[in-house]
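The lines below spell out each chain.
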Amino acid sequence: MIGRCRTGASAPGEASSTEPATSSGVAIHRPPPRPRLFSLRGSWWLGAAALLATGGCVRVYQPMSGLHDPVVVDPQLPNFAGLRVGVRCLPGGVLSPQEASGMCDKIGSLFENQGAIVRTWTTPGPVPDDDPFPSDDPDAPPPPADLTMQLRSREIHHSEYPLSWVVSIVSFTLVPAIIEETFSHDIEVRDGSGFLLSRDELQGRIVQYFGAGTWIGNTLLDLTLRSDEEELTGLRANEHLSADFYAQLSQALFDAHMRARVLGAQVEVTP
Amino acid sequence: MISVAFLPLLFPAAPAPGLARSRAWARQYDCERISDEVALQRYPGRVRPSSPEEDPDRTVVICHQRLLSEGLREPRDEAVLRDLRDTADAIAVATEGLRPGLGEVTWLVDVHYPDGEVADKIGFATKNALMKRSLSVSDRVPLLTASDLGVLTRMPPEQAYPKACRRYHDTGSLGDDEVLVAVVQLDVRQTTLLAGICHQGRWGWLP
């Protein structure tokens, strides 16, 4: 990587498991390096330029599909009271086991705050035996999850716009250098029997602009013209991404819950 | 002209917020990054094929501007109406497995949704999807008495819909050669629709 925003936050390719769920980006770590258009590593002049440029970096989040769909569920309300929810965050692709675990913990807190009884795990298969759902009858086997949400994350595109770095250096960083990463979260919700209730793909991207021109311009706009919701500098990208991501998860689980409710009653009520 | 030609190499292709673009403006677009191959299939003539010199793993960003800006419609209505064509098609497809056992029947559509105008649109789209499959569709809607409705509305929906179906049959409101497709939003917090069918007093939710 030739440059990173020094915002105190993780880039989409890095872990952010220590940040609170309400203000962090979604933890994804960078996959092994792939062949680029041409290699930028090892170029001393570019390193020097990156060093200059990272002093002024603006990291912007753009929802692409699914992440900015309308949401009705209010996560402050007990939408899932008493519901046993399993959250499985599968490592692999762009998520390390630690990052998958951190993400699962945040999602677990999100659903617990809405009244659900949550178990999280990062391995394929059902709820691990060491942390089953509570049962009223101590002699009975532990009950299965009413709903299980499974998440996979992957990076689907990465571009460093090499020419933008050249132009940025030539222009003394008035023109920004750019790094762009597009990511996807694949979400499945199944009922207790494993029946697939819903499947969604949330796609978004993080664009990092490096350079004095873009940093000064955006900072001035944030300080003067932009409303709080429109601000772009600092940790805003993480806040915006988290707000969209966790809202979509709550809505996806609620919609699946409604579907499971009627389909589960199918056998009992059909004459 | 030369500088314009370099712009795609300098800046991300899709609308990302920045100096010249606000967050609200960027959120008006639904975008997806898809492979070159998929893009050429879905948008023939509108995506430039990659040349042999270009990256064989090239991807393309496709963006569509939303018809209405955020906030102009209720989020619930916006979510339902945005996916309405797909939802209606999915309902029609789900009925396909049931048709061989039903014989020659007429299909009726009833929509239970909090907003009347949106309910009309849902009904229209569902009937269209059924008619596209060459089914006989009627505009008639079966009715229940006020006392029936008084009882049913106090029951949870899992029980109310099967009971209503039985009453449609028992009262003759729904004939033996008619099938009712009910498109339902069970809870105002839902952004999806559920559907069930009623035939000869038997009710089933569509998967």
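Residues numbered from 1 in each chain as written. Chains lettered and ligands numbered in written order. Predicted model: local features only at pLDDT ≥ 70, side-chain atom pairs only at ≥ 80, totals over all residues.

Participant: Even after reading the chapter, I still don't get the overall build of chain B, so can you show me in this structure?
Facilitator: A tally of helices and strands in chain B yields 9 helices and 7 strands. Its C-alpha atoms give chain B principal-axis dimensions of about 75 × 35 × 25 Å. Burial status across chain B gives 31% buried among its 207 residues. Considering only residue pairs separated by 6 or more positions, chain B has 65% of its internal contacts joining residues 24 or more positions apart. (Helix = DSSP H or I, 4+ residues; strand = E, 2+ residues; numbered from the N terminus. Buried ≥ 20, exposed ≤ 12 C-beta atoms within 10 Å, placed from the backbone. Contact = placed C-beta atoms within 7 Å.)

Participant: What is the right way to look at the sheet that holds strand β4 (residues 147–159) of chain A in this model?
Facilitator: Sheets are built from strands that pair by backbone hydrogen bonding, the pairs being arranged parallel or antiparallel. All names here are of chain A. Read from one edge of the open sheet, 6 strands run β1-β6-β5-β4-β2-β3, paired in mixed fashion. This sheet does not close on itself; its edge strands, each paired only once, are β1 (57–65) and β3 (117–121). With strand direction ignored, the average angle separating the axes of adjacent strands in the sheet is 20 degrees. Relative to strand β6 (residues 196–210), strand β5 (residues 177–191) runs antiparallel, the two being bridged by 14 bridges. What sits directly across from I178, in β6, is Y209. (Pairing = 2+ DSSP bridges. Axes fitted to C-alpha atoms, helices over the stretch in contact; angles between N-to-C directions.)

Participant: When you look at the packing of helix α5 (residues 84–96) of chain B against helix α7 (residues 116–131) of chain B in this model, what are you seeing that I'm missing?
Facilitator: When two helices pack together, their arrangement is given by the angle between the helix axes and the distance between those axes. All names here are of chain B. Between α5 and α7, the shortest axis-to-axis distance is 8 Å and the interhelical angle comes to 50 degrees. One element, α5, and the other, α7, form an angle in the oblique class. Helix-helix and strand crossings are classified by hand; for α5 and α7 the assignment is right-handed. Here L84, R85, A88, D89, I91 and A92 of α5 lie close against α7, whose contacting residues are K121, I122, A125, T126, N128, A129 and L130. Grouping the amino acids of the contact of α5 with α7 by side-chain chemistry returns 8 nonpolar, 2 polar and 3 charged. (Parallel < 35°, antiparallel > 145°, perpendicular 65-115°, else oblique. Left-handed = near helix turned anticlockwise from the far one by under 90°. Nonpolar A, V, L, I, M, F, W, Y, C, P; charged D, E, K, R; others polar.)

Participant: Mind showing me how you'd approach the sheet that holds strand β7 (residues 202–205) of chain B here?
Facilitator: All names here are of chain B. Taken in spatial order, the 5 strands of this open sheet run β4-β3-β5-β6-β7, and their pairing is mixed. Both edges of this open sheet fall to β4 (136–138) and β7, since each of them pairs with a single strand only. Strand after strand, the sheet turns through a mean of 25 degrees between neighbouring axes, direction not considered. Where helix α9 (residues 157–171) meets the sheet, its contacts fall on β5 (178–184), β6 (194–199) and β7, and the angle it forms with β7 comes to roughly 145 degrees.

Participant: So what exactly am I meant to see when it comes to helix α4 (residues 212–224) of chain A here?
Facilitator: An α-helical turn contains 3.6 residues, so any two residues separated by three or four positions project in the same direction. Over its 13 residues, α4(A) extends 18 Å from the first C-alpha to the last, a length consistent with the 18 Å expected when each residue adds 1.5 Å. Those residues of α4(A) that are buried lie in contact with β1 and β6 of chain A. (Expected span 1.5 Å × (residues − 1).)

Participant: What's the story with the environment of B:R76 in this structure? I'm lost.
Facilitator: Among the structural elements, B:R76 can be located in helix α4 (residues 75–82). Apart from the residues lying within four places of it in its own chain, the contact partners of B:R76 are A:V72, B:V188 and B:T191.

Participant: Would you mind going over the interface of chain B and chain A with me for this structure?
Facilitator: In many reports, interface size means the accessible area that the parts give up when they come together. The partner chain A presents 43 residues to the 40 residues of chain B that form the contact. Counting only elements with at least two residues in the side of chain B that touches chain A, the list comes to α1 (2–10), α2 (23–26), β1 (29–35), α4, α9 and β7 of chain B.

Participant: Sorry, what's going on with the pairing of strand β3 (residues 106–112) of chain B here?
Facilitator: As a general feature of sheets, a regular strand has side chains that alternate between the two faces. All names here are of chain B. Within β3, 5 of the 7 residues are buried, leaving the element largely enclosed by the surrounding structure. Two strands pair when backbone bridges link them, and β3 and β4 are joined in this way by 3 bridges, in the parallel orientation. Directly across from L108, in β4, lies its bridge partner S138. Traced from β3 through α7 to β4, the parallel crossover comes out right-handed. Relative to β5, β3 is paired through 7 bridges, and the arrangement is parallel. (Right-handed = clockwise from strand over helix to strand, strands pointing away.)

Participant: Looking at this structure, how should I read the confidence of the model for chain A?
Facilitator: Note: predicted coordinates in regions of low pLDDT should not be interpreted at a detailed level. Residue and element names in this part refer to chain A. On average, residues of chain A score 80 in pLDDT, and 77% of them reach the 70 mark or higher. Note that pLDDT drops below 50 for residues 7–42; the model gives that stretch 80 contacts with residues more than four away or on any other chain. Scored below 50 in pLDDT, residues 267–271 shows 11 contacts in the model against residues more than four places distant or in partner chains. (pLDDT = per-residue confidence, 0-100.)

Participant: Can you help me understand the nonpolar core in this one?
Facilitator: Looking at soluble globular proteins, one finds that nonpolar side chains tend to be buried together. In this structure, A:V85, A:L147, A:L253, B:L180, B:V181, B:V183 and B:A195 are the most contacted members of the largest nonpolar core, which totals 97 residues. Residue contributions to this core peak at 13 residues, all from helix α5 (residues 236–269) of chain A. Three or more residues apiece are contributed to this core by two domains, here domain 1 (17–72) and domain 2 (75–205) of chain B. Sequence-distant contacts of B:V183, defined by excluding residues within four places in its chain, comprise B:I91, B:V109, B:V111, B:I122, B:T126, B:L193 and B:A195. (Core = buried A, V, L, I, M, F, W, Y, C linked by C-beta atoms within 7 Å. Domains from an automatic or database assignment.)

Participant: Can you walk me through α9(B) in this structure?
Facilitator: Residues and elements named next belong to chain B. Here α9 spans 20 Å end to end across 15 residues, near enough to the 21 Å set by a 1.5 Å rise per residue. Every buried residue of α9 is accounted for by P157, Y161, P162, A164, C165, R167, Y168 and H169. Two residues or fewer past α9, G172 is found with a positive phi of approximately 80 degrees.

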